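An overview of the molecular structure
Given next are the chains, with one letter for each unit.
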Amino acid sequence: MRASPLTRAVGRAFGGRARAAVVLATATLGTFLVLRGALFAGLVRRDADLLGGRATLALSRPLPALLAARARRDGLRTASWVRFPTAAVHGPRIALATVLAVGPGYPLRGDFRVRIRAGGPRVRRRTPPPRGGVWIAPALAAFLHARLGDRIDVGVARLRVAGFLERAPGIGWRASLFAPPLVMRLATLAATRLVLPQSRVVYGLSLEGPRTPLDTYLSWVRTRPSRPFVRRRRDVVRSLRRTTRRLTRYAALVVLAVLALAVFALGLAARATARRLAPVAAYLVAQGVDRARLGRSFLTALARPLLTTCALGTPVALLAVALIAALFRGELPLVFAPGPVLGSLLVAVLATAVLSSALFANTLRALATGSPAAALRGSRLPLRRASGVVLGAALLLVGALLVPDVGVHHPKLLAALVLGAVLLPVLFRAGFALLARLARGRAVGLWWPATALARRGWAAAVEASALAFALGLALTAVGVEHGVVRDLEHGLARGQPNWFLYGITPGARAPLARALAQAGLGRVRYAPFVTARLVRIDGRRVRASSPRYRRVAWLLRHDQNLSSRRRFPPTNRLLAGRFWSPASRAAEASLDRRFARLLHVGIGSTLAYRVAGRTVTLRVTSLRRVDWWSFRPNFFVLASPSALRGLPRSYLTSLAVPPAAVPRLARILRRSPGVSAVDASALLRLARRTLAASRSLVILEAATLFLAALLLAASALEESAAERREERALLTLWGVGPARLRRLAAGEALALGIAAGLAGGGGAIVVTRLAMESLFDLPVPALGWMLPAALAASALFLLLSAAIAPRAALGSYAALRALDEGGGGT
Amino acid sequence: MNAACDRCGLLRLEDVSHGYSGNEETASILEGVSLTLERGERAALLGVSGSGKTTLLAVASGLEPPRAGRVRFLDRDLYALDENRRAALRLAHLGFVFQDIQLFPLLDVLENVRLPLAFRGDADAEERAREALEAVGLARRARVRPSALSGGEQQRVAVARAFALRPLLLVADEPTARLDRGHARRVWDLLTGLGRERGTALLVATHDEALATDCATRYRLEGGRLRNA
């Protein structure tokens, strides 16, 4: 048999808006999956050689020599390294760098990629730079205005820039973003005099060799009293997967929102498709075609056009990926390989196809289940609405797939999103019905729009929901970004501290303070800095691998920074408990409230830390809200002064340095080896650059959201098109002129816009407030502008829709025809 | 009523009653209706709007089980069969023409006629569809969509679709109700002519007494009861 007429009919009934919704859904999902894959691949590529070997041992003090000796005896190759942040100085310029000083044989795995001649090619190197020379990352060279051959000050040594480093085993992606890498030999490091007893340095040993002896060796290492931190390649990959999830969480939520809108549009499109297929279904069932076979035939007929349409989304996804990759070049490590890209696109195509066919199946099946006598009576078979349960389940599934972190850590947020998407139309429908009741007996200009919304039923409710959703999310994105930037800039206002100096040994405090005062950089206040490992909470041993501490595992695996203060920090806010008196002799702790929440501790809990072989137990007596954006020394854990007495410590300070005074600071730092400096304005520049790129992404996301909302609105308009056409035809026949008809249509659009604007703007205010308070821990900016903005945008959007709506039904002949067709929409 | 044919009858309704249940009361539509139709016989069903003609057709063609009584088609008790078997019987032996025409707007005329044949799995579906269109004088318009046809032409396509199935019984519910006099006559002549030519029995509901005179048997449905007109 040739192509069945039904196949062709279904292909034709699967209209433009349904296809557009499917393309949009596939493209959005595909873009997200491809980018997430590329980001993961990029992080893996950058960090796969992180270890410089198959595994590493790391410790915040020199590793016992026995560890390396035993490894060699077990047939493993070893290479030592030291890593720490410090200030690099070139003339009047200072920049934070991550020093990686490596011993012979490093790297055991991977290689360095370096440009050793200006404009020359990138070359691979298996050995570090020559003695007295350093390789620096291009970002660091840009900060310092350093060229190849220039000499830069690192500690007390003046070292030659021997190459620009593009990839270095042993430097993580995060480290290279905030403190670009600087590589030298261990032999060169000694000349810098940077590594002192209290310096914050990571001592490492890379290991390479066959798996079995390595496993045996690492098992032995774990029993050693020094308990070095052991990392293997698979740990890195696992942690990178987590990082990727965290980085893409926000985008995943937007993708979910776009998908929700697209799914709604698809649901309406499925109903429109079913409406077109209803007469033939009614006839065929009456004629005796088996119902089950008819249902199957509909779906089989739909499969090909659906898959073809899904496939059409892939070039759109690739275009979007190219655009985003161009926007974020340099900000994110994106690596595209044909296999994963094709895999991601295939997943997007299949997921959208499955989701769409589930929706269509739900609606089309209804065509084959109505009464066969319906055709004889001239009525159509009843259409079953795509049930909210199916929609909700589908969205939850996609949500869990896209944002597992959100699913696990913020189930309420995910549930609220899904519930919002499903419940909003229900609320709108009820609201419109109430409005119609209130408008009863009023002037026609008021009564008509109000009752029109109620008459349109689900179409108007879904249309309003789509707009409200899109507006709400777009305004939230703008509001949050505006709030964060404003706070960052406020934090760096003139006269506020803009430089951090840390790694200051007790003996260096007084000379440094004198030098800074003489240079006119003001008086400094030092905050003590004690490196400690949290070992017990409320007497129970802390296991970083425990699911209870999943979100703070990284912190628990590393040393934390404790500080002490006699008085409550002025930029903090006391939320619970009481802060100790200056004379307190008790071992007390004051915790950042979010940190306390992550550790599941509260007032009265005890935290035991290991510091230089001693255990210090602190009782939590207060919870604080920390203003992390104040650019003053802030700590998750503050201890009462008596608790940290006698423990090894270094100091930290912050100071306001006007641009003209930076060369003076550079001169001081040259004479203070070991003191690291961070230019907060460089952080702000980085944040601004990232935010600018993010803004482009936000605009792109908002545009996609609006496209989805537009599609949904168009689908909803289509849903009620026949009804509108018939109404207009009737009104025209009764003598209502075109101008008045337009006014009535505008009134309906305006009413819908006001409803959507109120919901969208109100929702955006609530979500932005929540995001600023709980996600960023920042003060909430003024958000009143959101409501009028949402109202104006939605009213404009709908008025435009009404203005460009087809006017064919307005002529008297068309009116008669529309009535003759009974609004059948054929 | 043709009592002589109770052994060879194509369709037989025996004491059929039917009605619909409302919120509180039950409305009776058919009460003790009996009817027999032979192969090739043409019967008109007259009655005012709302008299129950459509319900009778639905019950007679196996679309709606009656509340009481039996319906036999080809000597089989229709409602003793399950719905699938009943559907198979309709597809094999019945043709329908509706007042509302029920053409599919997304398919052209030829595809509309071919559609039920394709579902029946007829190998010569296209050929028979073309032949049926030829018979109703619309072969030249095979590739246009129904929306480009007049109401009369659309109903002729529906007639072609029904006859293309070569049914034993053609059930038509007010096939001319929405047409003007000229088109109505043409469609009616087609129905009766093709029926006669192909030996197809016709059961046609109409309120047009003039057209009904062409049928050898005429029934009138009044107050739920059937009598010879």
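Reading the values: rules and limits
- Residues numbered from 1 in each chain as written.
- Chains lettered and ligands numbered in written order.
- Predicted model: local features only at pLDDT ≥ 70, side-chain atom pairs only at ≥ 80, totals over all residues.
- Heavy atoms only, no water.
- Pairing = 2+ DSSP bridges.
- Helix = DSSP H or I, 4+ residues; strand = E, 2+ residues; numbered from the N terminus.
- Axes fitted to C-alpha atoms, helices over the stretch in contact; angles between N-to-C directions.
- Contact = heavy atoms within 4.5 Å.
- Salt bridge = Lys/Arg side-chain N within 4 Å of Asp/Glu carboxyl O.
- Polar contact = N/O pair within 3.5 Å; in protein donor to acceptor, adjacent residues only side chain to side chain.
- Nonpolar A, V, L, I, M, F, W, Y, C, P; charged D, E, K, R; others polar.
- pLDDT = per-residue confidence, 0-100.
- Parallel < 35°, antiparallel > 145°, perpendicular 65-115°, else oblique.
- Left-handed = near helix turned anticlockwise from the far one by under 90°.

A separate point is the sheet that holds strand S6 (residues 94-97) of chain B. Residues and elements named next belong to chain B. An order of S6-S7-S8-S3-S9-S10 is seen for the six strands of this open sheet, with the pairing classed as mixed. In the strand order of this sheet, the two ends are held by S6 and strand S10 (225-228), each with one partner. Ignoring which end each strand starts from, the neighbouring axes of this sheet average 20° apart. Against the sheet, helix H1 (residues 53-60) contacts strand S3 (42-46), strand S7 (169-173), strand S8 (201-206), strand S9 (217-222) and S10, and its axis sits at roughly 155° relative to S8. Across the sheet, helix H5 (residues 151-164) is in contact with S6, S7 and S8; its angle to S6 comes to roughly 175°.

Let us look at the pattern of salt bridges. Residue and element names in this part refer to chain B. Applying the stated rule across the entire model yields 26 salt bridges over all chains. When the shortest N-O distance is used, the salt bridge between Glu14 and Arg70 registers 3.3 Å. Of the two residues, Glu14 is situated in strand S1 (residues 11-21) and Arg70 in strand S4 (residues 68-73); the sequence distance between them amounts to 56 residues. Shared partners join several salt bridges into a network, and the residues in it are Arg120, Asp122, Asp124 and Arg128.

This paragraph deals with the interface of chain B and chain A. Of the residues lining the interface, 39 residues belong to chain B; the matching set on chain A comes to 37 residues. Counting across the chain B and chain A interface gives zero salt bridges. The interface formed by chain B and chain A holds six residue pairs in polar contact (both at pLDDT 80 or more) in total. Residue composition of the side of chain B that touches chain A, grouped by class: 20 nonpolar, six polar and 13 charged.

Our next topic: the confidence of the model for chain B. All names here are of chain B. When the pLDDT values of chain B are averaged, the result is 86; 94% of them are 70 or greater. Averaged over each element, pLDDT in chain B is lowest for helix H7 (residues 209-212) (82) and highest for S4 (94). Low confidence marks residues 1-6, where pLDDT is under 50. Its contacts with residues over four positions away, or in another chain, come to eight contacts.

Turning our attention to the packing of helix H3 (residues 65-73) of chain A against helix H7 (residues 211-221) of chain A. Residues and elements named next belong to chain A. The geometry of H3 relative to H7 is characterised by a closest axis approach of 10 Å and an angle of 155° between their N-to-C directions. By the angle between their axes, H3 is roughly antiparallel relative to H7. The chirality of how H3 crosses H7 is right-handed. Of the residues in H7, those touching H3 at Leu66, Leu67, Ala68, Arg70 and Ala71 are Tyr217, Trp220 and Val221. Grouping the constituent residues of the contact of H3 with H7 by class yields seven nonpolar, no polar and one charged.

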